[in-house]
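As a plain string of letters, each chain reads:
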Amino acid sequence: MSIAILKTIFHYFSLTANPSLHQIKQTHARLITAGYDGDTHFTGQLLAALAQSQSTPFRYSLSILNSTQNPSLFAINNLIRCCAKSESPHEAFSLYSSMCKKPQFRPNNYTFSFLFQACSKFTGLTEGNQIQTHVIKLGFFDNVYIRNALIHLYFTSHDTKCAKDLFDECPSSRDLVTWNVMIAGYAKAGKINDVEKVFDEMPERDVISWSSLITGYMQNGYLEQALDSFKRMIDLQLSPNEAILVTVLSACAQLGLIENGRQIHSTINSLNCQMTVHIQTSLVDMYAKCGYINKARDLFNEMPIKDLSSWNVMICGLAIHGLAMEAIELFEKLLIKGLNPDNVTFIGVLNACSRAGLVNKGRHYFKLMTEKYKITPEMEHYGCMVDLLSRAGLVLDAIELVEKMSTPPDPVLWVTILGACRTHGLIQLGEETGKKLIQLDPNHHGNYIQLSKIYAKSYKWEDVVKTRGMTNDRNCKKIPGWSLIEAHGKIHQFVAGDRKHDMSLEIYKMVDRVNIRVLEAGYSPDLLPILHDLEEEEKVNAIKEHSERLAIAFGLLVIEGGECIRIVKNLRICGDCHEMTKVVSKVFEREIVVRDGSRFHHFKGGECSCQDYW
Ligand code: ZN
Ligand code: ZN
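Residues numbered from 1 in each chain as written. Chains lettered and ligands numbered in written order. Predicted model: local features only at pLDDT ≥ 70, side-chain atom pairs only at ≥ 80, totals over all residues. Heavy atoms only, no water.

> Give me helix α11 (residues 176-188): which residues, what numbers.
Across its 13 residues, α11 extends 19 Å between first and last C-alpha, which sits within 8% of the 18 Å expected from 1.5 Å per residue. Among all positions of α11, only Thr178, Trp179, Asn180, Val181, Met182, Ile183, Gly185, Tyr186 and Ala187 are buried. Residues of α11 that are buried in the fold lie against α9 (144-156), α10 (160-169), α12 (192-201) and α13 (207-219). Of the residues flanking the start of α11, the one acting as N-cap is aspartate 175, its side-chain oxygen 3.1 Å from the backbone nitrogen of valine 177. Directly beyond the C-terminal end of α11, a positive phi value near 75 degrees is found at glycine 190. (Helix = DSSP H or I, 4+ residues; strand = E, 2+ residues; numbered from the N terminus. Expected span 1.5 Å × (residues − 1). Buried < 20%, exposed > 50% of the residue type's maximum accessible area, 1.4 Å probe, protein only. Contact = heavy atoms within 4.5 Å. Polar contact = N/O pair within 3.5 Å; in protein donor to acceptor, adjacent residues only side chain to side chain.)

> With reference to specific residues and values, describe the pairing of strand β3 (residues 565-569).
Where burial is concerned, most of β3 is hidden: four out of the five residues are buried. As defined by bridge partners, strand β1 (residues 482-487) adjoins β3 across three bridges and the pair is classed as antiparallel. Counted as the bridge partner of serine 483 is lysine 569 from β3. Between the parallel pair β3 and strand β4 (residues 592-595), the chain is carried across by helix α31 (residues 575-587), and the sense of this crossover is right-handed. (Pairing = 2+ DSSP bridges. Right-handed = clockwise from strand over helix to strand, strands pointing away.)

> Give me the lowdown on the environment of leucine 166, citing residues and values where you can.
Of note, leucine 166 is situated in helix α10. For the pair leucine 166 and tyrosine 154, spaced 12 residues apart in sequence, the C-alpha to C-alpha distance is 9.3 Å. Not counting residues within four places of it along the chain, the set of residues in contact with leucine 166 comprises Phe141, Arg147, Leu150, Ile151 and Tyr154.

> Before we move on, can you summarise helix α8 (residues 125-137) with the specific residues and values?
Taking 1.5 Å as the rise per residue, α8 with 13 residues should run 18 Å; its terminal C-alpha atoms sit 18 Å apart, in good agreement. Regarding α8, the residues found buried are Gly128, Ile131, Gln132 and Val135. Along the axis of α8, the buried residues cluster in a sector spanning 115 degrees; they form a single face. In α8, the exposed positions that point more than 90 degrees away from the buried face belong to Thr126 and Lys137. Residues of α8 that are buried make contact with α6 (91-100), α7 (109-121) and α9. Positioned one or two residues after α8, glycine 139 has a phi angle of 75 degrees, which is positive. (Arc of directions from axis to C-beta.)

Structure representation (structure tokens):
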């Protein structure tokens, strides 16, 4: 092989974002046959290509360096860069230490910036500090690349103060990357105010800056702010990258609000963004989680290339919509295609079984997961199984499963079992479980409520009072319930008994009207809601002020007739609100979709898609 061809290959590598390990090894073999093994120039080129590749096995990279008598600094730097990306980043430090013993070794700014990258990977602040003294001694401390890498290292080592000091002390050694590192670092540390401050102060912003800001909002739970920033960015005519689009679509999916999601979808189309598998998958996920399962299915079917996560979002989407058989069919199709399901796939399929009460199928898939695919079940898988068994009345089987778990069970599993004890009238077992649960998780308000309901069922009123009293004695965590509804391009949030809304007066008038109409239609309120944990909302005496009822009343007022009312609720809908919503869907001839903490309910003509199984 001629030297010209080899040079062409390396030129190609330098232009490729990530040449594959296979391609590199092939070229390496050609170098050896052409007699260039150990050539100083080509060794450096080979390592540079490896550093660009996604897979950089450390032993292999080292063997390339060792094949040459006198490696160039370029080769050494690239080997350090390979280390930083490899599974053994700490080797970079040992390599550097051994290099320092050679008198001819003169590190440059790349050496240090790659070394700090490696230290960040294994949060080696001690090693980083040692290198920092070399940097100062050799006069590189003003170098912006090195400083950026060092700031990043401080952030990954959770030392935001040192990162900030380093940033503040030398304003002349800052570039766009420096500012972006600051934003990303503060975002990871959960310091959203600092993220905003840095973002506002930076002299210029690129797509990475916006991406870091939006991701920062998402990581810290500020979903609406993430969406707002996205809109601002689009208004400035900036083109979003894949990461941003996936992030904002996920925000819409989590909020369950379709209007924002639709807007982003049309932005993607109008900007002619490249439709990657990730973006398409996020769209499927968004539509499914916002209640548009048909749209999600159409998009999924149209996808030219699907990866496992595309299948996963579709299977999970079908499951939360109660389309259990379709979810299972899709899962079987995935197996036929020869794809290997992962833990998320099984969450979807087990969830589907649990929603539809398919006990045997659930057991079969749980076994398939652990025995054939060797996937260690996680809390979510146990959650589905415990739910499935408990609802079917197989409470003892559920307890057996939980007791066999290798990790300590999430108290939620016991909550499910406790609920099942109550529903199936297993008083004794319920009392034992309830006490166990309170021991495990004494600060959770709902546990006391659950136990007191068991006592109520066996008329042990003294115990009821005692258990309820315990919640006041302890500092119990209560999760406030809320419902969201989107109307006129705005998100409206309601909590139980809310009177803060601008239209509060009309809303309560509508609540009264609804109550009269549903009573006329034969609905009778269940004043002792026996199902489901109501958390905070239960404390509001009047069930009629539950957040979803306020949201429904508001929806009836402002959403045009014929249009579906869509509500997102953080907790499970209570039995009584569920009954009432069914009646509302009939007497007002309105389709109502409620996404609660657990699944979707499509109310139509007096029926719910969950068939009261949730
Ligand atoms: Zn309710
Ligand atoms: Zn339902």
